[in-house]
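# Structural description and commentary
Listed below, chain by chain, are the residues.
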Amino acid sequence: MRLKGGHGNGCCCGSTGEIESRWLFEVIDRNMMCSLNTKAGHDAVDAFRPFCEIRRKGKWMESEDDDQILVIVQFLELVNLKSIGIVSAGDSGPGVMKIFIDKEITDFDEACVLKSDYRWEVVEAAKGPALSSSKDPMELDFQPPPHQIRMMTIFIERSRGAARTIVNWIGLRGEATQIPSSGVVDGTYELRPQQLRAPGAWSTGRSDLGF
């Protein structure tokens, strides 16, 4: 069975696999995706791409004022997650990542102290330029896997040593339930300048007030 998560009919991306374990690009609401402390033109939308674009040049997510990034991901359907895939290279790749399930967090201080649902420290062996050219992303497994979630916050707490974090590609592997995602999600907001990014997605850098 074809591994879904690409452009659809006629697309040669992916390989073979079970439908229960696919890349979930098709059910990510890219119009509602947002990222904080990312450079203009290099926000989360640039990193979340179909699997067939994993080697695409000129598209990546990059932090702005320091190495921390917050990404809010909403889904069009409830999903069951199995892993998060990342392509990065060297010290600029994510070093510590935290995931908050069904919670929207846009406050960096809160993200640092709040207990996350999942947390990974990327091992030293994951470093190196090979990740930037490999078609196989580094996958971090959700243990135990979360079920029927409608949104998540990804917090890159620090890089692997660089002053800025750069992520070439991000994907989420799991199962779409075909149950529409709806309802109001509680969120904690931090006052920061916000800039719209067409079409519909937005990113923002940190303010000069020291937030």
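The structure contained in this document is the topic of the report that follows.

This paragraph deals with the packing of aromatic side chains. One pass over the full model with this rule turns up 7 aromatic pairs. Relative to Phe142, the ring of Trp120 lies with its centre 5.3 Å away and its plane at 75°, an arrangement referred to as edge-to-face. Here Phe142 lies in the loop between β8 (138-141) and β9 (149-159) and Trp120 lies in strand β7 (residues 118-121), a separation of 22 residues in the sequence. Exposure remark for Trp120: the relative accessible area of 12% places this residue in the buried category. Residue classification places Phe142 among the buried positions, given a relative accessible area of 1%. Taken together, the ring pairs in this structure connect Trp23, Phe51 and Trp169 into an aromatic cluster. The ring of Trp23 has Arg173 sitting right over it, with the charged end atom 4.3 Å from the ring centre.

Attention now moves to the pairing of strand β5 (residues 94-101). Strand residues, when the strand is regular, have side chains that alternate between the two faces of the sheet. The element β5 is largely enclosed, with a buried count of 8 among its 8 residues. In the sheet, β5 pairs with β9 via 7 bridges, with the strands oriented antiparallel. Opposite Lys98, over in β9, you have Phe155 as the bridge partner. Alignment of β5 against β7, held across 4 bridges, turns out to be antiparallel. Each bridged residue has a counterpart across the sheet, and for Ile99 the counterpart in β7 is Tyr118.

Membership of the largest hydrophobic core comes to 34 residues, with the highest contact counts inside it found for Phe48, Val73, Ile84 and Met152. Listing elements by their share of this core, those giving two or more residues are α1 (44-47), β4 (69-87), β5, β7, β8, β9 and β11 (169-180). At 8 residues, the largest contribution of residues to this core is made by β4. The residues contacting Phe48, other than those within four sequence positions of it, are Phe25, Ile28, Arg30, Met33, Val71, Val73, Ile154, Ile170 and Leu172. Grouped together as the second largest cluster of nonpolar side chains are 7 residues, Leu70, Phe100, Ala111 and Phe155 included.

Before going further, it helps to spend a moment on the pattern of salt bridges. As enumerated under the stated definition, the model contains 7 salt bridges in all. Arg56 is the salt-bridge partner of Glu53, the closest N and O atoms lying 3.2 Å from each other. Overall, the relative accessible area of 15% leaves Glu53 in the buried class. Through salt bridges that share partners, Arg49, Glu53 and Arg56 make up one connected network.

So, how was this worked out
- Residues numbered from 1 in each chain as written.
- Predicted model: local features only at pLDDT ≥ 70, side-chain atom pairs only at ≥ 80, totals over all residues.
- Heavy atoms only, no water.
- Phe/Tyr/Trp six-rings, centres within 6.5 Å; stacked < 30°, edge-to-face > 60°.
- Helix = DSSP H or I, 4+ residues; strand = E, 2+ residues; numbered from the N terminus.
- Buried < 20%, exposed > 50% of the residue type's maximum accessible area, 1.4 Å probe, protein only.
- Lys NZ or Arg CZ within 6 Å of the ring centre and 35° of its normal.
- Pairing = 2+ DSSP bridges.
- Core = buried A, V, L, I, M, F, W, Y, C linked by side-chain atoms within 4.5 Å.
- Contact = heavy atoms within 4.5 Å.
- Salt bridge = Lys/Arg side-chain N within 4 Å of Asp/Glu carboxyl O.

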